[in-house]
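Working through the structure, step by step
Take a look at the letters that make up each chain.
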Amino acid sequence: MGEITYVAGSTLQLNHELGQKVFEIVRDSTTLANERSRTYTDEVLEAIIERYKPERVWDMVDPLIASFFAFDGDRLVGAMFLSHKDYDDLQTGTGAYSSGLYVHPDYWKTGIAVTLFDKINESAKELGIVTIRGHSTAFPGTLKFYRNRGAKVGGEKIGDLTPDIRVEYHDTEIVVK
């Protein structure tokens, strides 16, 4: 592992090529997390990964207000996204939605996820965001990461990924400090 460089998404072209690299990180990290925990069936795992295809990933984070990418040389090894979202119980403009935090498995436990998380929170604070909400997979390591970073992690929920596939997930809420 070389020196990790963190780049704000506002300086990058969010195109199909970068979307492909994000998809590969999502696919590889989700697959390995599931191999370790057996949280999801193969069918559910495939449906989760399908949502992050390059042609769909930027639609999922629209309207994007902040993003950060981690690179090891030219290799994309991590990304986190924050999208605008108003919530009925928050003052307009003070809420945001975490559209995902992903780190390639070769770089797990290197501090990349923590740094991306902290950079998104710093950006949120600068933008006047006070609460970041999101949904998390039910992987034990993912839930532990969010709890260790001070996020409130809700109980298990079941939602529809497709008309035929239901998935377990957890709501997350981060108070921006």
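As shown above, the structure is provided for reference.
For the structure given in this document, a descriptive report is provided here. Counting restarts for each chain, with residues numbered from 1 along the sequence as it is written. Local features in a predicted model are, by the rule used here, given only for residues with pLDDT of at least 70; side-chain atom pairs are given and counted only at 80 or more, and totals for whole chains, interfaces and linings are based on all residues. Water and hydrogen atoms were dropped before computing side-chain values, which therefore reflect all heavy atoms in the structure.

1. Structural notes on helix α4 (residues 112–126)
Secondary structure is summarised from DSSP: a helix means a run of H or I of at least four residues, a strand means a run of E of at least two, and numbering begins at the N terminus for each. Multiplying one less than the number of residues by 1.5 Å gives the expected span of a helix. The terminal C-alpha atoms of α4 lie 21 Å apart, and with 15 residues this matches the ideal 21 Å at 1.5 Å per residue to within 8%. Burial classes follow relative accessibility: with a 1.4 Å probe on protein chains only, a residue under 20% of its type's maximum area counts as buried, one over 50% as exposed, and anything between as partly exposed. Taken together, the buried positions of α4 are I112, L116, F117, I120, N121, S123 and A124. Each buried residue of α4 lies within a common arc of 165 degrees when the element is viewed along its axis, so the set occupies one face. α4 presents K125 and E126 as exposed residues on the side facing more than 90 degrees away from its buried surface. Starting at the helix axis, one direction is taken to each C-beta atom, and the arc is that of these directions.

2. Digging into the sheet that holds strand β4 (residues 95–103)
At least two DSSP bridges between two strands are required for those strands to pair. In space, the seven strands of this open sheet follow the order β1-β2-β3-β4-β5-β7-β6, with mixed pairing throughout. Every other strand in the sheet has two partners, leaving β1 (4–8) and β6 (152–162) as the edge strands with one partner each. Taking the axes of each pair of neighbouring strands and ignoring which way they run, one obtains an average angle of 25 degrees across the sheet. Sheet analysis places strand β3 (residues 75–84) next to β4, joined by seven bridges and oriented antiparallel. Paired with G78 across the strands is V103, a residue of β4. Along the sheet, helix α1 (residues 16–37) contacts β2 (64–72), β3 and β4; its crossing angle with β3, the most-contacted strand, is approximately 100 degrees. Contacts between residues were defined by any pair of non-hydrogen atoms, one from each residue, lying within 4.5 Å. Throughout, an axis means a line fitted to C-alpha atoms (over the contacting stretch in the case of helices), and angles, computed between N-to-C directions, take values from 0 to 180 degrees. Contacts from helix α5 (residues 140–148) reach β4, β5 (131–137), β6 and β7 (165–175) within the one sheet, and its direction differs from that of β5 by about 160 degrees.

3. Points about the layout of surface pockets
Within this scheme a cavity is a closed region of a 1 Å grid, computed over the protein atoms alone, that accommodates a 1.4 Å probe without allowing it to escape, whereas a pocket is open but has protein on both sides within 12 Å along at least five of seven lines; lining residues each have an atom within 4 Å of a point. Grid points are joined across faces, edges and corners, and a volume is the space filled by probe spheres set on the points. Its boundaries defined by the atoms lining it, the largest pocket holds a volume of some 1400 Å³. Along the walls of the largest pocket sit 45 residues, with L101, S136, T137, F139 and T142 positioned nearest its centre. F117, D118, N121, E122, R149, G150, I174, V175, V176 and K177 are the residues that line the second largest pocket. Of all the secondary structure elements, the ones that give two or more residues to the lining of the second largest pocket are α4 and β7.

4. Quick look at the pairing of β7
Of the pairings in the sheet, the one linking β5 to β7 comprises seven bridges and is antiparallel in character. Across the sheet, residue R133 finds its bridge partner in β7, namely E173. Taken together, the eight bridges between β6 and β7 define a ladder with antiparallel strand orientation. Paired with K157 across the bridge in β7 is Y169. Counted between consecutive antiparallel strands, the loop separating β6 from β7 contains two residues.

5. Describing the nonpolar core
Nine residue types can take part in a nonpolar core, namely buried Ala, Val, Leu, Ile, Met, Phe, Trp, Tyr and Cys, and a core is a set of them joined through side-chain atoms within 4.5 Å. Core analysis: the largest hydrophobic core is formed by 25 residues, its most contacted members being L82, I112, L116, I120, I132 and Y146. Sorting the residues of this core by element identifies β2, β3, β4, α4 and α5 as the ones contributing at least two each. No other element matches α4, which puts five residues into this core. Of all hydrophobic cores here, the second largest spans 17 residues; its members include I25, V57, W58 and Y102.

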